[in-house]
Amino acid sequence: MNRRQVGLVVLVVLGVVTVGLTVPLTQNRLVRANADTVEVAVTDTRVVNGTEETTLVLSVDVSNPTRRSLTVPEQVAYGGLSVRPESGDRAFVQRRVAEIESGEVPAGGSTTVTVRFPVRDAYTDRVGSLLDGAVLAGQFPVELDGRVIEVEVDTPVRGESQSSGASVDPSLPSVEPSERPSLTHRATGGGR
Amino acid sequence: MARLVRYEASLFERAVGGTAVGLVAGMLTFVHSRLPTWPAAFPIPDQTAVILLLLVGFALAVLELDMRSYISITLIAAAVSLPTYTALDFAPLLTSGVSPGQLFFVLVFAGGGQFSAWMLFFPVLFAGSGTYVLYRNGPFS
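Quick summary incoming for the structure in this document. (Residues numbered from 1 in each chain as written. Chains lettered and ligands numbered in written order. Predicted model: local features only at pLDDT ≥ 70, side-chain atom pairs only at ≥ 80, totals over all residues. Heavy atoms only, no water.)

Both strand β9 (residues 135-144) of chain A and strand β10 (residues 147-156) of chain A contribute to a ladder of 10 bridges, which runs antiparallel. Of the residues in β10 of chain A, the one forming a bridge with G138 of chain A is V153 of chain A. (Pairing = 2+ DSSP bridges. Helix = DSSP H or I, 4+ residues; strand = E, 2+ residues; numbered from the N terminus.)

Below, the structure is given as structure tokens:
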């Protein structure tokens, strides 16, 4: 093999390597750009009266219509995810300490994860009324290939899925700490 | 020392070679400029795209083309690489059903960034070729 043939082979190899670098990056960018198609909906709302604090526990369904699987990272959401009542005091939950449970969201599927908000002491006796018309709003974090994408969320805490009778008691009863929902999540759907 | 016989590429070879090198250069410019969004799960060194384009320029010079062929190929490559990079960079926009009017607006008012990045990155190709020329004719030859 002479020098020119070696040069030609090297060029072909470099071309293949370049395509190999470009494809995942392009896919990544397309998914990030389509992050607004990720849907977040509250399917279950509960108030847990603990010994030290009262916690608002939301079961959140995350639907992923993109072609890549996403991860909901387990974290304390510092990005401003909060529950905002329709009217009245907006500070009834401590918005900077929302605990989000991790979960895998398959491409074209959905997963339910749990989000917990500590309720401020002054509001524990009227959480139920504050939740009427309240929304889960702010940035919900999902992760693609190790990088976080913030999905804008503005969804009712007592959503349509709840009014259809999906395991929700509209009176939002207080439950004992022993009845806290488990940290396991369910995944539905599959890759495309 | 034997006289070097440089290869004169045909028009077809120049067109194919220039287009291929342009596509590769455009893709590498895209990879380099968008490294902050590179999947963190598969880390690569920051200078990967620079090194690859240097190697492309080096390999292009290894072909030992005559000057006219080399210039033709790099001119075609330059003409292909900028739209390739711009298209890749605007891929999310292009796939979102943007209208031609909106696309024109974006290219006019936002395309400058792509042009600047390409202007800074594309010359790396010549640096690679120059490295080979130095290797063949310089003090180490």
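In this section: helix α1 (residues 11-33) of chain B. Helix length check: α1 of chain B, at 23 residues, gives a terminal C-alpha distance of 32 Å against a target of 33 Å (1.5 Å per residue), a fit within 8%. If you check which residues of α1 of chain B are buried, you get R14, G18, V21, G22, V24, A25, G26, M27, L28, T29, F30 and V31 of chain B. On the buried face of α1 of chain B, the contacting elements are α1 (3-33) of chain A together with α2 (48-62), α3 (67-89), α5 (100-121) and α6 (124-137) of chain B. (Expected span 1.5 Å × (residues − 1). Buried < 20%, exposed > 50% of the residue type's maximum accessible area, 1.4 Å probe, protein only. Contact = heavy atoms within 4.5 Å.)

To continue, consider the nonpolar core. Counting 36 residues, the largest nonpolar core has L56, L58, V60, V83, F117, L136 and F140 of chain A as the members making the most contacts within it. When contributions to this core are tallied by element, the ones reaching two or more residues are β1 (39-49), β2 (54-63), β3 (70-72), β6 (98-100), β8 (110-119), α2 (127-130), β9 and β10 of chain A. Core analysis: the next-biggest nonpolar cluster, separate from the first, contains 33 residues, V24, L28, L35 and W38 of chain B among them. (Core = buried A, V, L, I, M, F, W, Y, C linked by side-chain atoms within 4.5 Å.)

It is worth spelling out the side chain of S59 of chain A at this point. Structurally, S59 of chain A is set in strand β2. Given a relative accessible area of 14%, S59 of chain A falls into the buried group.

In this complex, chain B contributes 36 residues to the contact, which on the side of chain A involves 24 residues. Summed over both sides, the interface between chain B and chain A buries roughly 2600 Å², with carbon and sulfur atoms accounting for 72% of that surface. Among the residues chain B hides against chain A, the three largest losses belong to T37, W38 and L63 of chain B. Together they make up 20% of the total. Summed over the shared surface of chain B and chain A, the number is 1 salt bridge. A salt bridge links D89 of chain B to R29 of chain A, with the shortest nitrogen-to-oxygen separation between them at 3.8 Å. Scanning the region where chain B abuts chain A turns up 6 residue pairs in polar contact (both at pLDDT 80 or more). At the level of elements, α1, α2, α3, α4 (91-94) and α6 of chain B are the ones that each hand at least two residues to the side of chain B that touches chain A. It is α2 of chain B that contributes the most residues to the side of chain B that touches chain A, 7 residues altogether. (Buried area = accessible area lost by both parts, 1.4 Å probe. Salt bridge = Lys/Arg side-chain N within 4 Å of Asp/Glu carboxyl O. Polar contact = N/O pair within 3.5 Å; in protein donor to acceptor, adjacent residues only side chain to side chain.)

To continue, consider the environment of A91 of chain B. Relative to the helices and strands, A91 of chain B resides in helix α4. Put simply, A91 of chain B and S10 of chain B are 81 residues apart on the chain and 34 Å apart in space, counted from C-alpha to C-alpha. Beyond its immediate chain neighbours, meaning those up to four positions away, A91 of chain B contacts T26 and L30 of chain A.

With that settled, consider the packing of aromatic side chains. All names here are of chain B. One pass over the structure, following the stated rule, counts 6 aromatic pairs over all chains. A ring pair is formed by F58 and Y132, whose centres lie 5.3 Å apart and whose planes are at 85°; its orientation type is edge-to-face. In this pair, F58 is assigned in helix α2 and Y132 in helix α6, connecting sequence segments 74 residues apart. Assessed through its relative accessible area of 28%, F58 is described here as partly exposed. On the basis of relative accessibility, which here comes to 4%, the residue Y132 falls in the buried class. For the ring pair F115 and W118, a centre distance of 5.9 Å and an interplane angle of 35° mean the geometry is tilted. Placement of both F115 and W118 in helix α5 is noted, with a separation of 3 residues, approximately one turn of the helix. Under the relative-accessibility criterion, F115 is labelled partly exposed at 40%. (Phe/Tyr/Trp six-rings, centres within 6.5 Å; stacked < 30°, edge-to-face > 60°.)

Residues and elements named next belong to chain B. Interaxial distance between α2 and α6 falls to 7 Å at its minimum, and their mutual angle equals 50°. It follows from the interaxial angle that α2 and α6 lie oblique. As α2 packs across α6, the resulting crossing turns out to be right-handed. Only V124, L125, A127, G128, S129, T131 and Y132 of α6 make contact with α2, whose side of the interface consists of V50, L53, L54, V56, G57, F58, A61 and V62. Taken together, the residues of the contact of α2 with α6 break down into 11 nonpolar, 4 polar and no charged. (Axes fitted to C-alpha atoms, helices over the stretch in contact; angles between N-to-C directions. Parallel < 35°, antiparallel > 145°, perpendicular 65-115°, else oblique. Left-handed = near helix turned anticlockwise from the far one by under 90°. Nonpolar A, V, L, I, M, F, W, Y, C, P; charged D, E, K, R; others polar.)

So far we have only geometry, and geometry alone does not tell us how the molecule works.
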